[in-house]
Amino acid sequence: HLALLASLFHRHAHLHWCRRAYRGLGQLGDIMRLTSSFIAGMLFAIGLAISGMTNPDNILGFLDIFGDWRAELVLVMGGAVVTLTAVKQLTTSRRRPVFDVKFRIPTRRDVNPSLLGGAAMFGIGWGLGGLCPGPAIASLATLEPDIVIFLVAMAAGMLAHTKMEKHLEKGS
């Protein structure tokens, strides 16, 4: 989600690879890419809402394994893993994606302090707020103050990270 926010603020030029990649497919490729992204995003948001993942109480109940644990989300996560596995097999069995000139699969596999710290902060935020970025964005349509505050705080954290990263790069 940092990549999306950074792209919106035009901070990192290397995040705009998709614009360059789709030039080879022309305007129709751009339209199809945006349309398929929109449809995928809507399916994701609908799935989050139907499964109860946009309700912080459900998430906090799931995380409360020593209290009144709500185990239903295990089925939601299991269904997500099965679906991802099937779609990944179908997708990567192709020579190239439908709306791009090549697959863009991350190759970085190292575990570093930044990754561990970010994962810990994400987990703490998820546990305290009962939301992570995807469900929070999907819940924005409700305009509930807690959701808006969460998203504003998340955006502020992302911007602070970007500024801190730039500051650290200048110092080295």
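Nothing here was measured: the structure is a model prediction, and the numbers come from that model.

Secondary structure assignment for the chain yields 8 helices and 0 strands. Here the chain holds 172 residues, and the buried ones make up 21% of them. A separation threshold of at least 6 residues defines the contact pool for the chain, and within that pool the share at least 24 residues apart is 50%. Total accessible area on the chain is roughly 12700 Å²; 68% of this is exposed by carbon and sulfur atoms.

On to helix 8 (residues 145-171), then. Here helix 8 contains 27 residues, and its C-alpha end-to-end distance of 39 Å stays within 8% of the 39 Å for a straight helix at 1.5 Å per residue. Listing the buried residues of helix 8 in full gives Ile 147, Leu 151, Met 154, Met 158 and Thr 162.

This part covers the packing of helix 4 (residues 56-63) against helix 5 (residues 72-92). For the pair helix 4 and helix 5, the least separation of the axes is 9 Å and the interaxial angle reads 100°. It follows from the interaxial angle that helix 4 and helix 5 lie roughly perpendicular. Across the interface between the two elements, Asn 58, Ile 59 and Phe 62 from helix 4 touch Leu 73, Val 74 and Met 77 from helix 5. Its residues assigned to classes, the contact of helix 4 with helix 5 comprises 5 nonpolar, 1 polar and no charged.

Together, Phe 38, Ile 39, Met 42, Leu 43, Ile 46 and Ile 50 line one region of the surface with nonpolar side chains, adding up to about 650 Å² of accessible area. With respect to the helices and strands, Phe 38 occurs in helix 3 (residues 26-51). By relative accessible area, Phe 38 is classed as exposed at 56%.

Here helix 6 (residues 113-129) contains 17 residues, and its C-alpha end-to-end distance of 24 Å stays within 8% of the 24 Å for a straight helix at 1.5 Å per residue. One side-chain oxygen of the residue at the start of helix 6 lies 3.2 Å from the amide nitrogen of Ser 114, identifying that residue as Asn 112. Of the residues one or two after helix 6, Gly 130 is the one with positive phi, at around 75°.

So, about the nonpolar core. Formed by Leu 48, Met 53, Ile 59, Phe 62, Leu 73, Trp 126 and Cys 132, the largest nonpolar core amounts to 7 residues. When near neighbours in sequence (up to four residues on either side) are disregarded, Leu 73 contacts Ser 51, Met 53, Asn 58, Ile 59 and Phe 62. Listed in part, the 6 residues of the second largest apolar core include Ile 147, Leu 151, Met 154 and Met 158.

The subject of this paragraph is the packing of helix 4 against helix 6. The N-to-C vectors of helix 4 and helix 6 enclose an angle of 115°; their axes lie 8 Å apart at closest approach. In terms of axis orientation, helix 4 runs roughly perpendicular to helix 6. Contact with helix 4, carried on its side by Pro 56, Ile 59, Leu 60 and Leu 63, involves Trp 126, Gly 127, Leu 128 and Gly 129 of helix 6 and no other residues of that element. For the contact of helix 4 with helix 6, the residue count by class is 6 nonpolar, 2 polar and no charged.

To continue, consider the side chain of Ser 139. In this structure, Ser 139 sits in helix 7 (residues 133-139). Classification of Ser 139 as buried rests on a relative accessible area of 6%. Beyond its immediate chain neighbours, meaning those up to four positions away, Ser 139 contacts Thr 54 and Ile 147.

Here the idea is simple: oppositely charged side chains can pair when their charged atoms come close. Counted according to the given criterion, the structure contains 1 salt bridge. Note that Arg 108 and Asp 110 form a salt bridge whose closest N and O atoms lie 2.7 Å from each other. For Asp 110, a relative accessible area of 40% puts it in the partly exposed group.

The rules behind each value
Residues numbered from 1 in each chain as written. Predicted model: local features only at pLDDT ≥ 70, side-chain atom pairs only at ≥ 80, totals over all residues. Heavy atoms only, no water. Helix = DSSP H or I, 4+ residues; strand = E, 2+ residues; numbered from the N terminus. Buried < 20%, exposed > 50% of the residue type's maximum accessible area, 1.4 Å probe, protein only. Contact = heavy atoms within 4.5 Å. Areas by Shrake-Rupley, 256 points an atom, 1.4 Å probe, with all protein chains shown as cover. Expected span 1.5 Å × (residues − 1). Axes fitted to C-alpha atoms, helices over the stretch in contact; angles between N-to-C directions. Parallel < 35°, antiparallel > 145°, perpendicular 65-115°, else oblique. Nonpolar A, V, L, I, M, F, W, Y, C, P; charged D, E, K, R; others polar. Patch = residues over 30% accessible without salt bridge, like charges linked within 9 Å, V, L, I, M, F, W, Y side chains within 5 Å. Salt bridge = Lys/Arg side-chain N within 4 Å of Asp/Glu carboxyl O. Polar contact = N/O pair within 3.5 Å; in protein donor to acceptor, adjacent residues only side chain to side chain. Core = buried A, V, L, I, M, F, W, Y, C linked by side-chain atoms within 4.5 Å.

Function-wise, these values are silent; they only describe arrangement.
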